[in-house]
Amino acid sequence: MRTRQLQSLLRNTKRNLVEFKELGGYSEIYKYSIENNTEFWEKLARSRLDWKEDFTQVSNSCFKNGSISWFADGKLNVFDNCVTRHLPDRADQPALIYEKDEPGTEEFVSYAQLHSLVNRFANVLKSKGVKKGDRVAIYYPVSPLGVAAMLACAKIGAVHSVVFAGFSADALRQRIIDADCRVVICADGTYRGGRYINLKSVVDQAIENLDLVETVLVGTRNPEAQKLTTGKDVDLDQALESASDNCESEPMNAEDPLFLLYTSGSTGKPKGLVHSQAGYLLYAAVTTSAVFDCQPGDRFGCVADIGWITGHTYTVYGPLVNGAVSLLFESVPSYPDPGRYWATVEKYNLTQFYGAPTAYRSLLRHSNEFIEKYDRSSLKRIGSVGEPINTEAWEWLHHTVGSSKVRIADTWWQTETGGNMITPVPCDEGAAFKPGSAQRPFYGIEPVLKSADGKTVEGNSVDGALCIAKPWPGIARTIHGDHERFRNVYLNVFDDVYTTGDGAHRDVDGEYTITGRMDDVINVSGHRLGTAEVEDCLAQLEFISEAAVVGIPEETKGEVPYAFIILKEGVIDSSEHKLLASQHVAKVIAKFAVPQDTIIVDGLPKTRSGKIMRRILRKLAASSVQTFAEIAPELGDISTLAEPEVVEEIFLKKCQS
Ligand code: 6R9
């Protein structure tokens, strides 16, 4: 009965939340969500989630004391909310579409199959001694087994720690040790762009002489691969085959940890952010349905890997808790050609597509033919996440990919926030869109801007450090093993707010544009300048495909911008382009924003999730040494970059310029 009620509730949700529909549109519901914050979340927690034991407390949170807690005395199981409760309505409908690297080799997993797979997986974990509260490392590419590994942990109350299957052995080892994982789950390998990548050998290196790890469960991706290589290895496929599919779900306290996810801080070792069971799931559920208008049965195409927070919230938990079908995209945007995303949209009639600006920028360099030959009319939403989206990419997504009809959700959020925080949708029909601006806070989210001295910046047309005033259910609760660090980095920077580390501009309409990490905001002769602003401006030029701008110290001006640009395919490298770039920046922003130098390069140093490592560019830009060997020690660890070799190439280009 409960399930049916929920289904019909969700079916009626159109953009805004059905629970508050009588209040009006976005503005009215937003106002209510801030003024009646606990009632707002309480109502949603009851209508969107199935509880094994009801809660009586809603929020008991205080940033100042470092304590955050939602629905604390309630009990639920995340797996049951994501899968079991959908069985009466959608047992035979797909829950997952596995779009493997090679086009035409896809697999479908129904809700009933996923249910059985996770139950068997949970029994395998139990047979290896995994208990409630234990941490389990998952080094798995996006795939049904990777998702099932996460859900199996959720089912028995183990805490998963997915490590992006692209991180080095050292990075994996460090994360296994930090979280004290006795069990590691991995695949033999994965395919990307037609190339097989051996993952098992990375795990072997990572756990060499590491007594802590007792068991490695190895799943098959390539049946030819030699996947069992050490005495700790267990054949996962065989174990799953012989396991029973009968397994009780563990009733979990709302505040028990659901997962750890490591993210890099500006300094020091990676932080294992801890997310909760109920608060996290609720925030994933509500943002997925309201931002993406996600209805049960929708085909949700978030192409993020499960190794990142976007993959956790919008590939796994958000779509499944809403009863949608989730796309698992193993490949890369350019394989076998730059039409792969849109071919996938057509093939499955995807209703949502959610990706990263870096991928969009790489695709817009190519001919529109790769887009136009596919039918994209099934799309309701296209999302963007990870970094600011420049105007050119926004316009391309909206007009070319979305045929000027699809709403673009530029979603600003962080690993720490659990889900989307600032985004133009949901919104009132007809509200203006501003390309490149995340615009409006999600329900219940109250942004505040702070000046360097900790004062709240009032009014509009102002800049400041972006902070959030009120706790919300999806915020991370702590850093694994280091609550002090959590408090210092996020809660004690300014009084009584969560500090995001990003800067933002509040425009004349009171809407927000993210100006980049605070360390990416530079000061040129007293002018405050977001490097993202200059990048956006450069990327408007038709001959530029991508631009990265950093600030470097300068004697009289304090700092000056310095640019690295990639030309579009077929454009001949010439100094005229540098001149045109400078003139354009002077014209669009101001003279002070003109880069001191502009280096034309073939690639940029990016993390595997596509973020440009500006720290490295800053070092390269500011250095005056003549050989790469002299600067290499200063660059720190570059092994986690997607293509570490681009760093030396950039250095050489700079020397030649
Ligand atoms: C979800 C995710 C978080 C940082 C964040 C900000 C940048 C993410 C953005 C954006 C501008 C957007 N960021 N989305 N900047 N506009 N739409 O990416 O999490 O990997 O933790 O990164 O990414 O700087 O602080 P995470």
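Labelled according to an unreviewed UniProt entry, the chain appears under the name Acetyl-coenzyme A synthetase, originating from Oikopleura dioica.

J.: When you look at the overall build of the chain in this model, what are you seeing that I'm missing?
T.: Of the regular secondary structure elements, the chain holds 22 helices and 28 strands. Here the C-alpha atoms of the chain give a radius of gyration of 24 Å, agreeing with the 26 Å that 2.2 N^0.38 yields for 657 residues. With respect to the principal axes defined by its C-alpha atoms, the chain has extents near 70 × 60 × 55 Å. Across the 657 residues that make up the chain, the buried fraction comes to 60%. Pairs at least 24 apart in sequence give 71% of the contacts found in the chain among residues at least 6 apart. Here the chain displays about 24400 Å² of accessible surface, and carbon together with sulfur accounts for 48% of that area. Here the chain carries 70 positive and 87 negative side-chain charges, and the mean point of each set is 3 Å from the other.

J.: Which parts of the structure should I look at to understand the pairing of strand β7 (residues 189-192)?
T.: Regular strands place side chains that alternate from one sheet face to the opposite one. Two strands pair when backbone bridges link them, and β7 and strand β8 (residues 195-198) are joined in this way by four bridges, in the antiparallel orientation. The residue of β8 that forms the bridge with Tyr191 is Tyr196. The antiparallel hairpin formed by β7 and β8 contains two residues in its connecting segment, where Gly193 sits at a positive phi of about 60°.

J.: Help me understand the site of the ligand in this model?
T.: With respect to spatial proximity, 16 residues lie near the ligand, and among them Asp410, Thr411, Thr415, Asp502 and Arg517 are the closest. With respect to the ligand, the side chain of Asp502 contributes an N or O atom lying 2.6 Å from an oxygen atom. For the ligand, an oxygen atom lies 3.4 Å from a polar atom in the side chain of Lys611. When isolated, the ligand has an accessible area of 530 Å², and the protein chains bury 90% of it. Mapped onto the shell around the ligand, the elements with two or more residues apiece are α12 (309-321), β18 (407-411) and β23 (512-517).

J.: How do you make sense of the packing of aromatic side chains when you look at a structure like this?
T.: Centre-to-centre distance and the angle between the planes together describe a pair of aromatic rings. Counted according to the given criterion, the structure contains 35 aromatic pairs. Here the aromatic rings of Phe40 and Tyr443 are separated by 6.1 Å at their centres, their planes lie at 50°, and the arrangement is tilted. A residue pair is termed long-range when its members are at least 10 positions apart, and Phe40 in helix α3 (residues 37-48) and Tyr443 in the loop between β18 and β19 (447-450) qualify at 403 residues. For Phe40, a relative accessible area of 0% puts it in the buried group. Ring geometry for Trp342 against Trp396: centres 6.1 Å apart, planes inclined by 70°, an arrangement best described as edge-to-face. Taken together, the residues Trp342 in helix α13 (residues 340-348) and Trp396 in helix α16 (residues 391-401) connect sequence positions 54 residues apart. For the pair formed by Trp342 and Trp396, the shared burial category is buried. Aromatic ring contacts, followed pair by pair, group Phe20, Tyr26, Tyr30, Tyr32, Phe40, Trp41, Tyr283, Phe442 and Tyr443 into a single cluster. Above the face of the Phe55 ring, Arg46 is positioned so that its terminal group lies 4.1 Å from the ring centre.

J.: What is the right way to read the packing of helix α14 (residues 357-364) against α16 from this model?
T.: Helix-helix packing is characterised by the crossing angle of the two axes and by the distance between the axes. At a minimum axis distance of 10 Å, the contact between α14 and α16 shows a crossing angle of 75°. By the angle between their directions, the pair α14 and α16 is classed as roughly perpendicular. Across from Tyr360, Arg361, Leu363 and Leu364 in α14, the residues of α16 making contact are Glu392, Ala393, Trp396 and Leu397.

J.: Would you take a moment to explain the sheet that holds β19 for this structure?
T.: One open sheet holds the four strands; their spatial order is β19-β20-β22-β23, and the pairing between them is antiparallel. Looking at which strands have only one partner, the edges of the open sheet turn out to be β19 and β23. Within the sheet, the average angular offset between the axes of one strand and its neighbour, ignoring direction, is 45°. Bridging between strand β22 (residues 498-506) and β23 involves five bridges; their strand directions are antiparallel. Among the inter-strand pairings, Asp502 is bridged to a residue of β23, identified as Arg517.

J.: Got a minute to help me understand the state of the cysteines in this structure?
T.: Working definition of a disulfide: a covalent bond connecting the sulfur atoms of two cysteines. Taken as a whole, this structure holds zero disulfides when the rule is applied. No disulfide involves Cys186; its sulfur sits 13 Å from that of Cys181, the nearest cysteine. No disulfide involves Cys247; its sulfur sits 12 Å from that of Cys153, the nearest cysteine.

J.: I'm lost on the side chain of Arg361 in this one. Help?
T.: With respect to the helices and strands, the residue Arg361 is situated in helix α14. A distance of 2.8 Å separates a polar atom in the side chain of Arg361 from a polar atom in the side chain of Glu546. Ignoring any residue separated from it by four or fewer positions in sequence, one finds Arg361 in contact with Glu387, Pro388, Asn390, Ala393, Ser545 and Glu546.

J.: I'm lost on the nonpolar core in this one. Help?
T.: In a soluble, globular protein the nonpolar side chains are often hidden away together inside. Ranked by size, the top nonpolar core spans 119 residues in total, and within it Phe71, Phe121, Leu151, Ile185 and Tyr317 carry the most contacts. In this view, Leu151 contacts Phe79, Val83, Leu114, Val118, Val316, Tyr317 and Leu320; residues no more than four positions away in its chain are not counted.

J.: It is not clear to me how the pattern of salt bridges should be interpreted in this structure. Could you clarify?
T.: Once the charged atoms of two side chains with opposite charge are near each other, the side chains can pair. Scanning the model with the defined rule gives 33 salt bridges in all. Note that Glu511 and Arg440 form a salt bridge whose closest N and O atoms lie 3.1 Å from each other. Taken together, the residues Glu511 in the loop between β22 and β23 and Arg440 in the loop between β18 and β19 connect sequence positions 71 residues apart. Here the two residues Glu511 and Arg440 agree in accessibility, since each one is buried.

J.: Looking at this structure, I do not really get the sheet that holds strand β6 (residues 183-187). What am I missing?
T.: Backbone-to-backbone hydrogen bonds join strands into a sheet, with any given pair of strands oriented parallel or antiparallel. Ordered by their spatial adjacency, eight strands build an open sheet running β10-β9-β6-β4-β5-β12-β13-β21, and the pairing between neighbours is mixed. Edge strands, defined here as strands with exactly one partner in the open sheet, are β10 (233-235) and β21 (478-479). Bridge count between β6 and strand β9 (residues 215-219): five bridges; the pairing is parallel. Looking at β9, one finds that Cys186 is bridged to Val218. Its contacts with the sheet put helix α11 (residues 278-291) on β12 (257-263) and β13 (271-276), and the angle it makes with β13 is roughly 80°.

J.: Honestly, the UniProt feature "domain: Acetyl-coenzyme A synthetase N-terminal" (unreviewed entry) in the chain in this entry has me stumped. Any pointers?
T.: Summarizing the sequence annotation, UniProt attributes the feature "domain: Acetyl-coenzyme A synthetase N-terminal" (unreviewed entry) to residues 26-82 in the numbering used throughout. Between the first and last C-alpha atoms of residues 26-82 the distance is 27 Å; the span itself is 47% helix and 4% strand.

Criteria and thresholds
Residues numbered from 1 in each chain as written. Predicted model: local features only at pLDDT ≥ 70, side-chain atom pairs only at ≥ 80, totals over all residues. Heavy atoms only, no water. Helix = DSSP H or I, 4+ residues; strand = E, 2+ residues; numbered from the N terminus. Rg over C-alpha atoms; globule rule 2.2 N^0.38 Å. Buried < 20%, exposed > 50% of the residue type's maximum accessible area, 1.4 Å probe, protein only. Contact = heavy atoms within 4.5 Å. Areas by Shrake-Rupley, 256 points an atom, 1.4 Å probe, with all protein chains shown as cover. Lys, Arg positive; Asp, Glu negative; His and termini not counted. Charge placed at Lys NZ, Arg CZ, Asp CG, Glu CD. Pairing = 2+ DSSP bridges. Near = heavy atom within 4 Å. Polar contact = N/O pair within 3.5 Å; in protein donor to acceptor, adjacent residues only side chain to side chain. Phe/Tyr/Trp six-rings, centres within 6.5 Å; stacked < 30°, edge-to-face > 60°. Lys NZ or Arg CZ within 6 Å of the ring centre and 35° of its normal. Axes fitted to C-alpha atoms, helices over the stretch in contact; angles between N-to-C directions. Parallel < 35°, antiparallel > 145°, perpendicular 65-115°, else oblique. Disulfide = S-S within 2.5 Å. Core = buried A, V, L, I, M, F, W, Y, C linked by side-chain atoms within 4.5 Å. Salt bridge = Lys/Arg side-chain N within 4 Å of Asp/Glu carboxyl O. UniProt positions renumbered as here; feature names shortened; annotations may be inferred.

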